[in-house]
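One-letter residues, chain by chain:
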Amino acid sequence: MLDMFDLSGKVAVVTGGNRGIGLGIARGLARAGADLAIWSRDEDRNREAAEELRALGARVGTWSCDVASEPEVRRCTDETVEHFGRIDVSFANAGYGSAHDPLRMTLEQWRRLLAVNLDGAFLTLRDAARHMRERGGGGKLIAVSSISALFGTPKQPHYAAGKAGLDALVRSLAVELARHDIQVNSIQPGWIETEATRPAQDHAALNDAILRRTPARRWGRPADLEGIAVYLASRASDYHTGDSIRIDGGYSVF
Ligand code: NDP
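Because the structure is a prediction, the values reported are computed rather than measured.

**Considerations on the pattern of salt bridges**
Item 1. All chains considered together, the criterion is met by 19 salt bridges.
Item 2. For aspartate 44, the salt bridge goes to arginine 47, with nearest N and O atoms at 2.6 Å. In this pair, aspartate 44 and arginine 47 are both assigned in helix H2 (residues 43-55), three residues apart and thus about one turn of the helix distant.
Item 3. Using a relative accessible area of 46% as the deciding quantity, one classes aspartate 44 as partly exposed.
Item 4. Where arginine 112 meets glutamate 108, a salt bridge forms, and the shortest distance between an N and an O atom there is 2.5 Å. Linking arginine 112 with glutamate 108, this pair stays in helix H4 (residues 107-135), spanning four residues, or about one helical turn.
Item 5. Note on arginine 112: relative accessible area 47%, which makes it partly exposed.
Item 6. Judged by its relative accessible area of 47%, glutamate 108 falls in the partly exposed class.

**Some details on helix H8 (residues 226-233)**
Item 1. Burial within H8 is extensive, with six of its eight residues counted as buried.
Item 2. Residues of H8 that are buried include every one of Glu226, Ile228, Ala229, Val230, Leu232 and Ala233, and no others.
Item 3. Structurally, H8 contributes buried residues whose contacts are with helix H1 (20-31), strand S4 (89-92), strand S5 (139-144), strand S6 (182-189) and strand S7 (244-247).

**Side note on the layout of surface pockets**
Item 1. Its boundaries defined by the atoms lining it, the largest pocket holds a volume of some 1400 Å³.
Item 2. Counting residues per element, the ones that place at least two in the lining of the largest pocket are H1, strand S2 (35-40), helix H5 (157-177), helix H6 (198-202) and helix H7 (204-213).
Item 3. Among the elements that take part in the lining of the largest pocket, H1 stands out by supplying three residues, more than any other.
Item 4. Here the lining of the largest pocket is built from residues that sort into 21 nonpolar, 18 polar and eight charged.
Item 5. The space that makes up the second largest pocket amounts to roughly 170 Å³.
Item 6. Lys10, Gly137, Gly138, Gly139 and Lys140 are the residues nearest the centre of the second largest pocket, which is lined by 15 residues in total.

**What about the pairing of strand S3 (residues 60-64)?**
Item 1. Here S2 runs beside S3; their pairing, made up of five bridges, is parallel. Looking across to S3, one finds that serine 40 is bridged to serine 64.
Item 2. Following the backbone out of S2, through H2 and into the adjacent parallel S3, one traces a crossover that is right-handed.

**Brief notes about the side chain of asparagine 117**
Item 1. Residue placement: asparagine 117 occurs in helix H4.
Item 2. For asparagine 117, a relative accessible area of 1% corresponds to the buried category.
Item 3. Within the local environment of asparagine 117, its side chain forms a polar contact with the backbone oxygen of tyrosine 96, the two atoms lying 2.8 Å apart.
Item 4. Setting aside anything within four residues of it in sequence, one finds asparagine 117 in contact with Ala94, Gly95, Tyr96, Tyr159, Lys163 and Leu166.

Cut-offs applied
- Residues numbered from 1 in each chain as written.
- Predicted model: local features only at pLDDT ≥ 70, side-chain atom pairs only at ≥ 80, totals over all residues.
- Heavy atoms only, no water.
- Salt bridge = Lys/Arg side-chain N within 4 Å of Asp/Glu carboxyl O.
- Helix = DSSP H or I, 4+ residues; strand = E, 2+ residues; numbered from the N terminus.
- Buried < 20%, exposed > 50% of the residue type's maximum accessible area, 1.4 Å probe, protein only.
- Contact = heavy atoms within 4.5 Å.
- 1 Å grid on protein atoms, 1.4 Å probe; cavity = no way out; pocket = protein on both sides within 12 Å on 5 of 7 lines; lining within 4 Å.
- Points joined across faces, edges and corners; volume = space filled by probe spheres on them.
- Nonpolar A, V, L, I, M, F, W, Y, C, P; charged D, E, K, R; others polar.
- Pairing = 2+ DSSP bridges.
- Right-handed = clockwise from strand over helix to strand, strands pointing away.
- Polar contact = N/O pair within 3.5 Å; in protein donor to acceptor, adjacent residues only side chain to side chain.

Have a look at this one:
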């Protein structure tokens, strides 16, 4: 029964895999037997993440990559395929948030964030899909979206638009790629404890509002993403595509 979640012999890319949610995803995949390609910019952190993941039994390669750069994504895709021989799974997780008064936000600020959060995911998934289609045998593409795609997000219209864009992107790719046995989905995390949300965790009033609104009565942790990551990367999800799955402790149904 559990064989359907076995990722032995599978190679998974995780962008932004050197900390936070991406590292949580990578830990889950490593525990299920996958080999890992970590793509993030900070090489020291890449090395630290790789050491941790190797201790879980994975073969790990790291690439310094800015996902907003088309040539860098192309290079990292080619080098990952060269190194491991294939890519079976790709998680487009790299992203960040920034707060602005929307009426004062410049076009440059809007575009800078979307270049990473939306364009970067498009490039990552597109290049992985080209490789998967060419080699045959299917694959798994997963974007890390957010519940911000569903709700009005104060001071972050660019972030919310980018995440909603990701959910639309996975639906389109799912339809296009189903005939190649490639499943495409997104994960919508709720409030997860990472460096990115440190300011919100430390803001007493916001922290209180988040906990009151979350039926699980706690923040999510990167470890809470491990199960869904393994499911979406594995045979268990072979007929599940074009979906966006909330992992939010019940936040969005309360
Ligand atoms: P962190 O800030 O902890 O981690 C972000 C990761 O993305 C780092 O590994 C960082 O590595 C990488 N990254 C950032 N920019 C780039 C870039 N241009 N190219 C390549 N890698 C990049 O954030 P989280 O773990 O919290 O967030 C991960 C994802 O989850 C994001 O897409 C975020 O929007 C989403 N998310 C987070 C939620 C939360 O509550 N934490 C909720 C919903 C969604 P480096 O700096 O070395 O490049």
